[in-house]
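If you want the building blocks of each chain, they are given just below.
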Amino acid sequence: MIAYLERFIHENDTESRQDDDLPNICKSLDLQVQGSIDCVATGLAGKDFGGLYSFKPLAIIRPAGADDIAVAVKAAYRSPSLTVAARGNGHSINGQAMADGGLVIDMRSTEENHFKIVKMNGEIFVDVSGGALWEDVLKRCVSGFNLAPRSWTDYLGLTVGGTLSNAGVSGQAFRYGPQSSNVSELDVVTGKGDILTCSETKNSELFFGALGGLGQFGIITRARVKLQSAPDMMRWIRVVYSEFEDFTRDAEWLVTLPEGVSFDYVEGFAFVNSNDPVNGWPSVPLDPGRGFDQNAIPLTAGCVLYCLELARHYQNSDHPSAVDRVVNSLLGRLRFVEDLKFQVDVTYVEFLLRVKPVEERARANGIWDSPHPWLNMFVSKRDIADFDRIVFKKILKEGVGGPMLVYPLLRSKWDNRTSVMIPADGEIFYIVALLRFTPPYSKGPCVEKLVAQNQEIAHLCLKKGFDFKLYLPHYQSQEDWKRHFGNQWSRFVENKANFDPMAILAPGQKIFKRII
Ligand code: FAD
């Protein structure tokens, strides 16, 4: 069987392979044994949200569960050179979920598995599949149990395994940490094809390694996610600042207030001081009926303005005046520009699904499917004012064709035993997300220029000695990866040797080369 496979792979490069060959591939890999593996050809696995890279896999596999995934990984392990990439929802930017000539495991085929509420030591969790979309986890938890995970991403069309392999950050992370700090147990298929349950106390190296581990140590097939009771409603607010210093002081004050007396969600973004429909004033109001009064902008304002985005939970049974009282007392202590305050009341589920209508509009006008050269980073509080001065106010003063998020996070909420890398010093650091959207036609700057601008920003941060880390990192050389992981590199390499010794998994991250 292996001999056949070797011949098959060497004699059939993936470009010239016909999809008619797929039954033979599956047979040669022994993948039919379970009967439940659907071995199909599809172009999907060669695409991602970034649209910058495309690698054709040998085959995409639709497993029914962990056993099938283990069969595929073991087949790759026995083969001379095959790699395996778990594909969540393919929302990576730089081909991280692809496997050039390898096997792509479509985790979405397992999305229904495991769903179960678990009560343990006075806490409530939900077991979900690594291939479940967060939006489905939300809907099932709220509608069935009036419960919800505590920590989110802004957009929920992402898989549990995909975000846990990175971190998973949104406006709740200042309080609860990233999603990777909100799980208590995982089932993981390692690079040897072993199926292991892991937690803080059981196979803990694998547990902490896999969280933020960029898919390098195993494929997450089940996660036990911490829950809280779901509020009915959200008061959703945006306030505008002309000075970065006022914006950061207020944002930092809010994220360091004790739970209960602050907002439940704190984010922020920079935007252009112009009437540009995507990058400027019109991107701020929450209620389409209420416009942005440009006359309220102070004359001292520069080319970039800042918006703090806040939300507070409440129940239908709460008296409206009680919600107003808490919100107004907090807002009363902030120094935003008077008259540039926007607020709406939405259901909790509507709030968490707020990017969905944006997606629908972007799909309709073609910009969802065009390339997205995004750049995400964590920048320490020490350097964020310089970053603003050099990057937002100069390099990006005309915007990026989409949101430029910037908001503070707290180190103490990030479990430093996971593989996620954050800046070296200080309690407060900022996430900066340049969420570029490009038109589907050749208007505007070409994608290569935008990628080059991202590189310019990253190089500049290095040159200036900023304390920063790329989030959702992408590097071309192992030297860069070593620098990224710094003193954690040896632990990362050790985990790789223990859990994926042939370097089969997540080849699209380009950290390790498959051992041949
Ligand atoms: P994929 O892109 O499919 O996979 C990502 C990596 O994880 C790959 O290396 C893959 O091999 C590996 N992987 C996938 N599934 C598993 C698994 N089960 N086990 C082990 N490894 C696995 N991130 C945030 O933190 N906050 C946000 O608010 C946010 N918003 C976003 C909005 C949009 C529109 C997009 C496109 C992305 C956003 N992201 C955000 C980034 C997102 O977290 C990453 O793209 C992440 O990779 C999740 O996407 P995915 O499930 O599609 O995973």
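Cut-offs applied
Residues numbered from 1 in each chain as written. Predicted model: local features only at pLDDT ≥ 70, side-chain atom pairs only at ≥ 80, totals over all residues. Heavy atoms only, no water. Helix = DSSP H or I, 4+ residues; strand = E, 2+ residues; numbered from the N terminus. Buried < 20%, exposed > 50% of the residue type's maximum accessible area, 1.4 Å probe, protein only. Domains from an automatic or database assignment. Buried area = accessible area lost by both parts, 1.4 Å probe. Salt bridge = Lys/Arg side-chain N within 4 Å of Asp/Glu carboxyl O. 1 Å grid on protein atoms, 1.4 Å probe; cavity = no way out; pocket = protein on both sides within 12 Å on 5 of 7 lines; lining within 4 Å. Points joined across faces, edges and corners; volume = space filled by probe spheres on them. Nonpolar A, V, L, I, M, F, W, Y, C, P; charged D, E, K, R; others polar. Near = heavy atom within 4 Å. Polar contact = N/O pair within 3.5 Å; in protein donor to acceptor, adjacent residues only side chain to side chain. Areas by Shrake-Rupley, 256 points an atom, 1.4 Å probe, with all protein chains shown as cover. Phe/Tyr/Trp six-rings, centres within 6.5 Å; stacked < 30°, edge-to-face > 60°. Lys NZ or Arg CZ within 6 Å of the ring centre and 35° of its normal. Pairing = 2+ DSSP bridges. Axes fitted to C-alpha atoms, helices over the stretch in contact; angles between N-to-C directions. Contact = heavy atoms within 4.5 Å.

**Q** How should the environment of Pro320 be read in this particular structure?
**A** Following the sequence through the fold, Pro320 ends up in helix H9 (residues 320–331). On the basis of relative accessibility, which here comes to 53%, the residue Pro320 falls in the exposed class. Taking the C-alpha atoms as reference points, Pro320 and Ala251, separated by 69 residues in sequence, lie 25 Å from one another.

**Q** Even after reading the chapter, I still don't get the domain arrangement of the protein chain, so can you show me in this structure?
**A** Accessible area lost upon the coming together of the parts serves often as the stated size of an interface. Domains assigned within the protein chain are domain 1 (2–108 + 498–509), domain 2 (116–229) and domain 3 (233–471). Of note, the centres of domain 2 and domain 3, computed from C-alpha atoms alone, are 25 Å apart. Across the domain 2/domain 3 interface, buried area totals approximately 2700 Å², and carbon plus sulfur atoms make up 57% of it. Counting the surface domain 2 buries against domain 3, the share from its top three residues, Asp154, Phe174 and Arg175, is 28%. At the surface where domain 2 touches domain 3, the tally comes to four salt bridges.

**Q** Help me understand empty space enclosed by the protein in this model?
**A** Over the atoms rolls a probe the size of a water molecule, and in doing so it shows where empty space is left. A complete count under the given rule lists four cavities of 30 Å³ or more for this structure. Considered as a void within the structure, the largest cavity measures approximately 90 Å³ in volume. Along the walls of the largest cavity sit 13 residues, with Asn166, Val420, Met421, Pro473 and His484 positioned nearest its centre. At the level of secondary structure, the elements contributing two or more residues to the lining of the largest cavity comprise strand S18 (468–471) and helix H14 (478–485). A class-by-class count of the residues in the lining of the largest cavity yields nine nonpolar, four polar and no charged.

**Q** How should I be thinking about the pattern of salt bridges in this particular structure?
**A** Here the idea is simple: oppositely charged side chains can pair when their charged atoms come close. Counted by the stated rule, this structure contains 27 salt bridges. Here Asp106 and Arg62 are joined by a salt bridge, their closest N and O atoms 2.8 Å apart. Taken as a pair, Asp106 in strand S4 (residues 103–106) and Arg62 in strand S2 (residues 59–62) lie far apart in primary sequence, 44 residues in all. For Asp386, the salt bridge goes to Arg389, with nearest N and O atoms at 2.9 Å. Within this pair, Asp386 and its partner Arg389 are both found in helix H12 (residues 381–395), separated by three residues, close to a single helical turn.

**Q** Teacher, can you tell me more about the site of the ligand here?
**A** Among the 32 residues in the neighbourhood of the ligand, the closest are listed as Ala86, Gly88, Ser92, Asp154 and Tyr471. Within the side chain of Asn166, a nitrogen or oxygen atom sits 3.2 Å from an oxygen atom of the ligand. When the ligand sits alone it has 950 Å² of accessible area, and the protein chains cover 95% of it. Going through the elements one at a time, strand S3 (84–87), helix H5 (160–164) and strand S10 (218–229) are the ones with two or more residues in the shell around the ligand. For the shell around the ligand, the class distribution of residues is 13 nonpolar, 17 polar and two charged.

**Q** How do you make sense of the packing of aromatic side chains when you look at a structure like this?
**A** To describe a pair of aromatic rings, one takes the distance between the centres and the angle between the planes. Counted under the stated rule, the structure contains 32 aromatic pairs. Members of the aromatic cluster, connected to one another through ring pairs, are Phe217, Tyr475, Trp481, Phe485, Trp489, Phe492 and Phe512. Stacked on the ring of Phe115, the Lys or Arg Arg140 has its end atom at 4.1 Å from the ring centre. Over the ring of Tyr53 we find Lys510; its NZ or CZ atom is 5.6 Å from the centre of that ring.

**Q** Hey, could you run me through the sheet that holds strand S11 (residues 233–241) in this one?
**A** Pairing in this open sheet of eight strands is antiparallel, and the strands run S14-S11-S13-S12-S16-S17-S15-S18 from one edge to the other. The two strands at the open ends of the sheet, each matched to only one other strand, are strand S14 (341–347) and S18. Within this sheet the neighbouring strands show an average axis-to-axis angle of 25°, counted without direction. Taken together, the four bridges between strand S15 (residues 375–380) and S18 define a ladder with antiparallel strand orientation. Across the sheet, residue Met377 finds its bridge partner in S18, namely Leu470. Along the sheet face, helix H8 (residues 244–256) touches S11, strand S12 (265–272), strand S13 (304–314), strand S16 (404–410) and strand S17 (428–434) and points at about 20° away from the line of S13. Seen against the sheet, H9 touches S11, S13 and S14 and runs at an angle of roughly 20° to S11.

**Q** Looking at this structure, how should I read the pairing of S16?
**A** Here is the key point about a regular strand: its side chains alternate between the two faces of the sheet. Within S16, seven of the seven residues are buried, which leaves the element mostly enclosed by the surrounding structure. Every second residue of S16 is oriented toward a common face, with Met404, Val406, Pro408 and Leu410 on one face and Leu405, Tyr407 and Leu409 on the other, all of them buried. Judged from the two bridges that link them, S12 and S16 form a sheet pairing that is antiparallel. When the sheet's bridge partners are listed, Phe269 is paired in S16 with Leu405. The pairing of S16 with S17 spans seven bridges and is classified as antiparallel. Residue Tyr407 lies in a different strand from S17, and its bridge partner there is Ile431.

**Q** Even after reading the chapter, I still don't get the layout of surface pockets, so can you show me in this structure?
**A** Put simply, the second largest pocket is a space of about 530 Å³. In terms of lining, the second largest pocket is formed by 22 residues, of which the most central are Thr83, Asp100, Pro507, Lys513 and Arg514. Residues that form the lining of the second largest pocket fall into these classes: nine nonpolar, nine polar and four charged.

**Q** Even after reading the chapter, I still don't get the pairing of S15, so can you show me in this structure?
**A** The element S15 is extensively covered by neighbouring structure, given that six of its six residues are classed as buried. Burial along S15 is two-sided: Leu375, Met377 and Val379 facing one way and Asn376, Phe378 and Ser380 facing the other are all buried. Taken together, the six bridges between S15 and S17 define a ladder with antiparallel strand orientation. In the strand pairing of S17, Met377 is matched with Val432.

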